[in-house]
Amino acid sequence: MSDTPTDYKGPQRVLSGMQPTGRLHLGNYLGALKNWVALQEDPTRECFYFIVDMHAITMPHDPATLPDTVRCAAAAYIAAGVDPEKSTIFAQSAVPAHAELAWIFNCVARLGWLERMTQFKDKAGKDKERASVGLFTYPVLQAADILVYKATEVPVGEDQKQHLELCRDIAARFNRDYGKGEAIFPITEPVIQGPGARIMSLRDGTSKMSKSDVSDNSRINLEDDADMIARKIKKAKTDPEPLPATVEELEGRAEASNLVGIYAALTNQTKAEVLGEFGGQGFGAFKPALADVAVEYLAPISDEYRRLISDKAEIDRILAKGAERARAVAQPVVAETKKIVGFWG
């Protein structure tokens, strides 16, 4: 697509979101939320952080609990430091423009592009004929989520890089087919996560810490109190060997590497620096030190989370205000796009 216009001149905008399924945890914080907070401090960027409840219904869900899970996610964002005065926090379903733009992008995207999406294959499993169409077209809605705000940057982890590439392909094709030499949509750039982006399960150092893991002991939830955090770290899976002196010697010791990585992320150190302090010591000494660091770091977040979640009206007020701000940006983009593709009116 060498003839695709790419000289987008709009404002710098960041967009990211999380599913309101399960409770947000330490991995979500260190891998995403912490970076969101840093991004909002840049006055040259506008930040939009949303709860992706439209994506949530691509899989079986409980309609009765979905509104509260949205509130819980919003509370976790705010407790982690996302400021509603600096960033726009909203629920995806409260902005109809997402769905409107997704339909137009469904007509721009190509079937072959979607068939290459590995996440659909992973979630649908062997019985993909019974999966919802929404699960298949999920990445197109994700592209609409991004481009309805003409977001120029998206913080991404490894599991979302392929979806961002699809978004870039859709933007490039739209610009080529409809732009008449002008870049209507930006070719969104990834914001690569820093250290701590991949926090692994406390029960299995080869699996990413996950909201969907059946074992609550596999993760440290942002709402866990000090006793719970300390107890989970004490129970975390390890091996019988003491900590090594070098990072190279952590090779093949997934659980040890994970705990050292968590300590490093919470203290803003490298793994090498942590091993310089604890190398040669056993987990009987290291785990209590890690628990102390985790409790000190997370206590303000968990306290604020519990305060926020006890006041649903305040969370709803923040979400409503955020949705209003989001609609004010998104609706003109949809109106412009509908005109460009030739819709009546």
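In this report, we go over the structure that sits alongside the text.

Rules and cut-offs
Position labels on residues start from 1 in each chain and follow its written sequence. Local features in this predicted model are restricted to residues whose pLDDT is 70 or higher, and side-chain atom pairs enter the listing and the counts only when it is 80 or higher, whereas totals over whole chains, interfaces and linings include all residues. Working from all heavy atoms in the structure, the side-chain values ignore hydrogens and water. Buried means the residue's accessible area, taken with a 1.4 Å probe over protein chains only, is under 20% of the maximum for its type, while exposed means over 50%, and partly exposed covers the values in between. By the criteria applied, helices consist of DSSP H or I runs no shorter than four residues and strands consist of E runs no shorter than two, each listed in order from the N terminus. Note: two strands are recorded as paired if DSSP finds a minimum of 2 bridges between them. Classification of ring pairs rests on two measures: the distance between centres of Phe, Tyr or Trp rings, Trp counted by its six-membered ring, which must be within 6.5 Å, and the angle between planes, read as stacked under 30 degrees, edge-to-face over 60 and tilted in between. Both a distance and an angle decide whether a charge sits over a ring: NZ of Lys or CZ of Arg must be within 6 Å of the ring centre and within 35 degrees of the ring normal. Throughout, a residue-residue contact means that at least one pair of heavy atoms, one from each residue, lies within 4.5 Å. Under this definition, polar contacts are N or O atom pairs within 3.5 Å; protein pairs additionally need one hydrogen-donor-capable and one acceptor-capable atom, and for neighbouring residues in sequence, both atoms have to be side-chain atoms. To qualify as a nonpolar core, a set must consist of buried Ala, Val, Leu, Ile, Met, Phe, Trp, Tyr and Cys residues joined through side-chain atoms within 4.5 Å. Here, two cysteine sulfur atoms that lie within 2.5 Å of each other are counted as a disulfide. Looking down the strands as they point away from the viewer, one classifies a crossover as right-handed if the path from the first strand across the helix to the second runs clockwise. Every axis corresponds to a line fitted to the C-alpha atoms, with the helix fit spanning only the stretch in contact, and the corresponding angles, defined between N-to-C directions, vary from 0 to 180 degrees. For classification, angles of less than 35 degrees are called roughly parallel, those exceeding 145 degrees roughly antiparallel, those between 65 and 115 degrees roughly perpendicular, and all remaining angles oblique. By convention, the crossing between two helices is left-handed when the near helix turns anticlockwise from the far helix through less than a right angle, and right-handed when the turn is clockwise. Classification convention: Asp, Glu, Lys, Arg as charged; Ala, Val, Leu, Ile, Met, Phe, Trp, Tyr, Cys, Pro as nonpolar; all other residues, Gly among them, as polar.

1. Details of the pairing of strand E3 (residues 87-91)
E3 sits mainly inside the fold: 5 of its 5 residues count as buried. Because side chains alternate across E3, one face comprises the buried residues Ser87, Ile89 and Ala91, and the other comprises Thr88 and Phe90, equally buried. Two elements, strand E2 (residues 45-51) and E3, share 5 bridges in a ladder whose sense is parallel. Among the inter-strand pairings, tyrosine 49 is bridged to a residue of E3, identified as isoleucine 89.

2. A closer look at unusual backbone geometry
Of note in this structure, lysine 180 is not a glycine but carries a positive phi near 50°. For lysine 180, the position within the fold is in the loop between helix H8 (161-178) and strand E5 (189-192). On the basis of relative accessible area, lysine 180 is assigned to the exposed category, the value being 83%. Positive phi, normally seen in glycine, also occurs at asparagine 268, with a value near 60°. If you trace the backbone, asparagine 268 turns up in the loop between helix H10 (254-267) and helix H11 (271-278).

3. A few points about the packing of aromatic side chains
Under the defined criterion, the tally for this structure stands at 14 aromatic pairs. Taken together, a centroid distance of 5.8 Å and an interplanar angle of 70° make the contact between tyrosine 29 and tyrosine 297 edge-to-face. Here tyrosine 29 is found in helix H1 (residues 26-40), whereas its partner tyrosine 297 is found in helix H12 (residues 283-309), with 268 residues between them in sequence. Judged by its relative accessible area of 23%, tyrosine 297 is partly exposed. Here the aromatic rings of phenylalanine 283 and phenylalanine 286 are separated by 6.5 Å at their centres, their planes lie at 70°, and the arrangement is edge-to-face. Separated by 3 residues within a single helix, phenylalanine 283 and phenylalanine 286 lie in helix H12, roughly one turn from each other. Classification of phenylalanine 286 as buried rests on a relative accessible area of 0%. One Lys or Arg, lysine 150, reaches over the ring of phenylalanine 185 and ends 5.6 Å from the middle of that ring.

4. Focus: the side chain of serine 302
Among the structural elements, serine 302 can be located in helix H12. Among all residues touching serine 302, those that are not within four sequence positions of it are Leu222, Glu223 and Asp224.

5. Things to note about the environment of lysine 211
With respect to the helices and strands, lysine 211 occurs in the loop between E5 and helix H9 (226-235). Setting aside its immediate chain neighbours within four residues, lysine 211 contacts Gln19, Thr21, Gly22, Arg23, Leu24, His25, Asn28 and Arg219. Within the structure, lysine 211 has its side chain in polar contact with the backbone oxygen of glutamine 19 (distance 2.8 Å).

6. Some thoughts on the nonpolar core
Note that soluble globular proteins tend to have their nonpolar side chains buried in a common cluster. One finds Leu33, Tyr77 and Phe286 to be the most contacted residues of the largest nonpolar core, which totals 62 residues. Ranked by residues supplied to this core, first place goes to H12 with 11 residues. Setting aside chain neighbours within four positions, we find tyrosine 77 in contact with Gly17, Met18, Leu24, Leu33, Trp36, Tyr49, Phe50, Ile51, Val82 and Ile89.

7. Regarding the side chain of threonine 152
Structurally, threonine 152 is set in the loop between helix H7 (133-147) and strand E4 (153-156). With a relative accessible area of 8%, threonine 152 lands in the buried category. The contacts of threonine 152, once residues within four sequence positions are left out, are Tyr8, Pro11, Gln12, Arg13, Pro186, Thr188 and Glu189.

8. Notes on the state of the cysteines
Disulfides are covalent bonds that link the sulfur atoms of two cysteine residues. Within the structure shown, the criterion is met by 0 disulfides. Lacking any disulfide linkage, cysteine 107 is separated from the closest cysteine sulfur, that of cysteine 167, by 17 Å.

9. What to know about the pairing of strand E1 (residues 12-18)
A large share of E1 lies buried, amounting to 5 of its 7 residues. As defined by bridge partners, E1 adjoins E2 across 7 bridges and the pair is classed as parallel. Within E2, the position partnered with methionine 18 by the bridge is isoleucine 51. For the crossover from E1 across H1 to E2, the handedness is right-handed.

10. Considerations on the packing of H9 against H12
At a minimum axis separation of 9 Å, H9 and H12 run at an interaxial angle of 150°. Considering their axes alone, H9 and H12 lie roughly antiparallel with respect to each other. In the crossing of H9 with H12, the sense of the turn from one axis to the other is right-handed. Along the contact surface, H9 presents Ala226, Ile229, Ala230, Ile233, Lys234 and Lys235, while H12 presents Lys287, Leu290, Ala291, Ala294, Val295 and Leu298. For the contact of H9 with H12, a count of residues per class yields 9 nonpolar, no polar and 3 charged.

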